[in-house]
Number of protein chains: 2
Amino acid sequence: MTGLTIALDAMGGDFGPQVTVPASVQALLHFPSLKVVLVGDQSEITRQLVSLGQKENPRISIVHAESLIANDTRPSQALRSSKGTSMRIALELVADGQADACVSAGNTGALMALSRSLLKLLPGIDRPALISELPTVGDQQSWLLDLGANVSVDADTLFQFAVMGSVLAEEQLGYKPSVGLLNIGEEEIKGNDLVKRCSEMLQQCSAVNYIGYVEGDQLYTGKADVIVCDGFVGNVSLKTSEGVARLFLESLKIHVLANPFKKLVAKWLFGGLFNRLKDLNPDQYNGASLLGLRGIVVKSHGRADISAFQHAIGEAVHEVERQLPNKICDRLEAVLLERHY
Amino acid sequence: MTGLTIALDAMGGDFGPQVTVPASVQALLHFPSLKVVLVGDQSEITRQLVSLGQKENPRISIVHAESLIANDTRPSQALRSSKGTSMRIALELVADGQADACVSAGNTGALMALSRSLLKLLPGIDRPALISELPTVGDQQSWLLDLGANVSVDADTLFQFAVMGSVLAEEQLGYKPSVGLLNIGEEEIKGNDLVKRCSEMLQQCSAVNYIGYVEGDQLYTGKADVIVCDGFVGNVSLKTSEGVARLFLESLKIHVLANPFKKLVAKWLFGGLFNRLKDLNPDQYNGASLLGLRGIVVKSHGRADISAFQHAIGEAVHEVERQLPNKICDRLEAVLLERHY
């Protein structure tokens, strides 16, 4: 690849340029072919760049944005009155072909609505979905979608999520991934109408390696490479996991890590084991992709720190290199042909 | 209380009388006023009682049941053709006033359908809900409902769940508990239509101390004493928690507990900390109550061991002592009066 450009919503997230600018500088060190466009308040971004000694870096450019989208802005509001905001301008750069992908830690609902409106959906896709990787017991890779882009969907949309997730996972795994539907039981009779209807559709689709229902306690066992659910369930499930991980980390801090000797013993005892707990911490494990668009958009967690935001930029770079939207488009076309003819 | 009788579905669960009979014997030791009726295969139950030296215990009686309800039986099937099964007979004993409560580790859907049909719903309740206690960071008590009795509900039903959960928690806490709705964000604009409508209803209800939305990562922080959601979301969330806890326990087993010296050091280091992980294990933390019925029904986890099933029996005893259905009925009447007049 000769060079790729990523537009960054420099103002998004809880920390804005304090995190996004240093993260960009670090990402440039990791990806020699990368260029970044920092979209946001020019003077604030410049101040950050100067403090990092990067004012004259030819791989960094700034596009000034007058304003930013607040966290409590509704998607409909964002569609009407986001002109001149950092998120919108970053997406416009992708829509105009001046950037290959956009990364933002801003308002999720606004990012989804603006992405749909500016980049457009792929043919055959009704809604975009947020997907992210999960840690598993056996150190396999595993993905969960939708993580909250859609609070209510129909069976067709859930089916499209399964196809998109399968394509993304196949690109990374190198084989046809197993796909499961998140449900409240493994038996055929279990679940609501939505999952039952989608399960029937997936059983008839040879393009997806559908293995049936997966329960909440199997999310981290690697039972399925890709796990599909609606955004409400996916978001609650992911955040519940974070909550459990935090429950243990807090207890550890109080009972063990506060004592320097115990801390030393714990490090010897566990080695890399605590990283599993941290893996479930979104500050460490960051970058959910918005699938289903004619462009690449990666959502970073709003609380992301520098290394987490850098991870999200890395995710965008990988998707550009893999030309993910084109591949989803091709697969979807094949699936639709199989279903309708 | 002069004496209470609990009818046990002795055949339910993965282990049947092997677990239910010894658990009953242990429960009798804990609750001097308790009597149990073991419903199931007479010869199998007798064999277990003989092996425990309890054949002549006057506080144990047996009611023979020809058959049992399989785990894959649909609720509708259970309604039509469950005559003579252990679960149905145990519930009939409650309906006839021969027992004060029923405990079963059998098929959840069948238990709910049969309970509704045999015990009837309380006035003002459309659906029963499964509720269970959660561990929290600060060792407070906290409850989550519905855990899977209903895969789809409307806002009225969710509102009723909030009222019922509030009554149960108040009985145990001794003060009016805070109640939150599980959602994918804390802001007013977040969530699907169901939670938004229910949130409006709760805001107008003075009988419930409603504190707004609670996110998945706040389930274990004690932010709300009672957290309300539909059964699909609640079940996925609880099982996800179990999955995360198991992820860590498995890693611990492999990396630490397999080595006797490391195990010893770990015990010194953590003391009771690991119990938090086990708290999330349903085998230890057992007994979900089916609220909203004119009788007391406690659902044990199917995989429950002896001490876990004993815990479920204890839960039923407490509910009988507190006369929970009457209290829910009174509160609900007050709420309905407030809403309609």
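From a predicted model like this one, the values you see are computed outputs, not experimental measurements. (Residues numbered from 1 in each chain as written. Chains lettered and ligands numbered in written order. Predicted model: local features only at pLDDT ≥ 70, side-chain atom pairs only at ≥ 80, totals over all residues. Heavy atoms only, no water.)

## A few points about the interface of chain A and chain B
Inference 1: The interface of chain A with chain B comprises 51 residues on the first partner and 51 residues on the second.
Inference 2: Here chain A packs against chain B, burying approximately 4,700 Å² in sum over the two surfaces, 76% of which is carbon and sulfur.
Inference 3: Counting every contact that joins chain A to chain B gives 2 salt bridges.
Inference 4: Here K239 of chain B makes a salt bridge to E215 of chain A, at a shortest N to O gap of 2.1 Å. (Contact = heavy atoms within 4.5 Å. Buried area = accessible area lost by both parts, 1.4 Å probe. Salt bridge = Lys/Arg side-chain N within 4 Å of Asp/Glu carboxyl O.)

## With respect to helix α2 (residues 42-51) of chain A
Every α-helix winds through 3.6 residues per turn, so residues three or four apart in the chain are directed the same way.
Residue and element names in this part refer to chain A.
Inference 1: Among all positions in α2, only I45, Q48 and L49 are buried. One side of α2 holds all its buried residues, which, seen down the axis, span an arc of 100 degrees. The exposed residues of α2 that point more than 90 degrees off its buried face are R47 and S51.
Inference 2: Buried residues in α2 make contact with α1 (17-30), β2 (34-40) and β3 (60-64).
Inference 3: Following α2 by one or two positions, G53 adopts a phi angle in the positive range, close to 70 degrees. (Buried < 20%, exposed > 50% of the residue type's maximum accessible area, 1.4 Å probe, protein only. Helix = DSSP H or I, 4+ residues; strand = E, 2+ residues; numbered from the N terminus. Arc of directions from axis to C-beta.)

## Quick word on the domain arrangement of chain A
All names here are of chain A.
Inference 1: Partitioning chain A into structural domains gives domain 1 (1-125 + 292-323) and domain 2 (133-282).
Inference 2: On a C-alpha basis, the centroid separation for the pair domain 1 and domain 2 is 26 Å.
Inference 3: Across the boundary between the two partners, domain 1 contributes 10 residues, which contact 10 residues of domain 2.
Inference 4: At the boundary of domain 1 with domain 2, total buried surface from both sides reaches about 830 Å², with 55% on carbon and sulfur atoms.
Inference 5: The largest contributions to the domain 1 side of the interface with domain 2 come from M112, I125 and R322, which together make up 50% of the buried area.
Inference 6: The tally of links from domain 1 across to domain 2 stands at 0 salt bridges.
Inference 7: Between the two partners, domain 1 and domain 2, sit 1 residue pair in polar contact (both at pLDDT 80 or more).
Inference 8: At 4 residues, the largest contribution of residues to the side of domain 1 that touches domain 2 is made by helix α11 (residues 306-322).
Inference 9: Residue classes in the side of domain 1 that touches domain 2 are distributed as 3 nonpolar, 3 polar and 4 charged. (Domains from an automatic or database assignment. Polar contact = N/O pair within 3.5 Å; in protein donor to acceptor, adjacent residues only side chain to side chain. Nonpolar A, V, L, I, M, F, W, Y, C, P; charged D, E, K, R; others polar.)

## A closer look at the pairing of strand β4 (residues 101-104) of chain B
All names here are of chain B.
Inference 1: With burial as the criterion, each face of β4 is covered, one bearing A101 and V103 and the other bearing C102 and S104.
Inference 2: Across 3 bridges, strand β1 (residues 4-9) lies against β4 in parallel orientation. Among the inter-strand pairings, A7 is bridged to a residue of β4, identified as C102.
Inference 3: As judged from the 4 bridges shared by β4 and strand β11 (residues 296-299), these two strands associate in the parallel manner. Each bridged residue has a counterpart across the sheet, and for C102 the counterpart in β11 is V297. (Pairing = 2+ DSSP bridges.)

## Side note on the nonpolar core
Inference 1: Judged by nonpolar contacts, the single largest core of 163 residues is most densely connected at V228 of chain A together with L91 and V228 of chain B.
Inference 2: Residues in contact with V228 of chain A, not counting those within four places in the same chain, are L145, L158, F161, A162, V179, G180, L181 and L182 of chain A. (Core = buried A, V, L, I, M, F, W, Y, C linked by side-chain atoms within 4.5 Å.)

## Thoughts on the sheet that holds strand β6 (residues 142-145) of chain B
All names here are of chain B.
Inference 1: The 11 strands are arranged β3-β2-β1-β4-β11-β10-β5-β6-β9-β7-β8 in an open sheet whose pairing can be described as mixed. A single partner strand is all that each edge strand has here, and the edge strands are β3 (60-64) and β8 (209-214). Strand-to-strand twist across the sheet, computed as the mean angle between neighbouring axes with direction ignored, equals 25 degrees.
Inference 2: Taken together, the 4 bridges between strand β5 (residues 129-134) and β6 define a ladder with antiparallel strand orientation. By the bridge assignment, L134 is partnered in β6 with S142. (Axes fitted to C-alpha atoms, helices over the stretch in contact; angles between N-to-C directions.)

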